[in-house]
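For reference, the chains in residue letters:
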Amino acid sequence: MAPNARLDHRNPLVFDTHELGRRPGALQRLTREIDAPKDLGIQGVIGVPEGAPVELELRLESVMEGVLVTGTARAQAKGECVRCLEPLELALEADFQEMFSYPDADDRGRVKAEPADDAEEDEDRLFIEDGLFDLEPVLRDAVVLALPMQPVCQDDCLGLCSECGARLTDDPDHHHDAVDIRWAALQGLAGSLEDGEKDEMSGADAEAGVDEKQEK
Ligand SMILES: [Zn+2]
Ligand SMILES: [Zn+2]
């Protein structure tokens, strides 16, 4: 949302502080279920699908300079395992706390100029506008922080075979005896190779760069 754009009370991520009032110490708890906005999460890695339910639990506390908002968001996040690329889903719980300031006072309580005049200083501050505040940037930051940067389907996921792409967790004994077409030809003559010889062969694979594959 562009700065200074008026907040829309019909936006489900916009909350009204009129009921709370401006008396310091006043408290209000509320819950709301919303549809996840677009791109909620870490793009291309894991996130809450657009439109999926997000449960919000908020506690609003009136303080001198504004409203302190503390809360939790719960949703199901979807992504894929960075090692084996299998789809995965996890229960997301993101906590947040943010101060929304009244626009008529700066953090020292002084009456301040128009927000546009000292935009640089106020870049990271969030404001209450006409008694409303927009939780969306707070929710976005909290969700990104709560999600794993490198999600895995299971902690000990073995990833994929670098030669054939098989998922190794499904088949931990999976391996390739022949790593090069020349070795593949020799394999018939040599018969079965001893386990100890396999390690030496992996060097030949890199050097040859042949993408010929042979199953055991
Ligand atoms: Zn995996
Ligand atoms: Zn393989």
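Every value quoted in this text rests on a predicted model; they were computed, and no experiment measured them. (Residues numbered from 1 in each chain as written. Chains lettered and ligands numbered in written order. Predicted model: local features only at pLDDT ≥ 70, side-chain atom pairs only at ≥ 80, totals over all residues.)

1. Examining the overall build of the protein
Quick note on the threshold: Each helix is a run of DSSP H or I of at least 4 residues and each strand a run of E of at least 2, with the numbering of both proceeding from the N terminus. Residue burial here comes from a neighbour count, namely the number of other C-beta atoms, placed from the backbone, that lie within 10 Å of the residue's own C-beta, with 20 or more meaning buried, 12 or fewer meaning exposed, and in between meaning partly exposed. Two residues qualify as a contact pair if the distance between their C-beta atoms, derived from the backbone, is within 7 Å.
Within the protein, the regular secondary structure consists of 3 helices and 9 strands. Written out in order from the N terminus, the α and β elements of the protein read β-β-β-β-β-β-β-β-β-α-α-α. When each of the 216 residues of the protein is scored for burial, the buried share is 19%. Long-range contacts, defined here as pairs at least 24 residues apart, represent 62% of the contacts in the protein between residues at least 6 apart.

2. Some details on the environment of arginine 83
Considering the arrangement of structural elements, one finds arginine 83 in the loop between strand S6 (66-80) and strand S7 (87-101). On the basis of neighbour counts, which here come to 19 C-beta atoms within 10 Å, the residue arginine 83 falls in the partly exposed class. For the pair arginine 83 and glycine 159, spaced 76 residues apart in sequence, the C-alpha separation works out to 4.3 Å. Not counting the four nearest positions on each side in its chain, arginine 83 is found in contact with Val152, Cys157 and Gly159.

3. Observations concerning the confidence of the model for the protein
Note the following rule: The quantity called pLDDT is the predictor's confidence in a given residue, expressed from 0 to 100.
Confidence in the prediction of the protein, expressed as mean pLDDT, is 83, and 71% of residues score 70 or more. Below a pLDDT of 50 lies the segment residues 201-213, which in the model reaches 15 contacts outside its immediate sequence neighbourhood of four places, other chains included.

4. Some thoughts on the nonpolar core
Rules: The term nonpolar core refers to a set of buried Ala, Val, Leu, Ile, Met, Phe, Trp, Tyr and Cys residues connected through C-beta atoms within 7 Å.
Ranked by internal contacts, the top residues of the largest apolar core, which has 26 residues, are Val48, Ala73, Ala75, Leu92, Leu139, Ala142 and Val143. Those elements that place two or more of their residues in this core are strand S4 (46-48), strand S5 (53-63), S6, S7 and helix H1 (136-146). Not counting chain neighbours up to four residues away, the residues in contact with leucine 139 comprise Leu13 and Ala73.

5. Notes on unusual backbone geometry
The backbone phi angle of leucine 85 is positive, close to 70 degrees, even though this residue is not glycine. Along the chain, leucine 85 turns up in the loop between S6 and S7. Located in the positive-phi region is aspartate 130, a residue other than glycine, with phi close to 50 degrees.

6. Focus on the environment of methionine 64
Within the secondary structure, methionine 64 sits in the loop between S5 and S6. Overall, methionine 64 belongs to the exposed group, with 11 C-beta atoms counted inside 10 Å.

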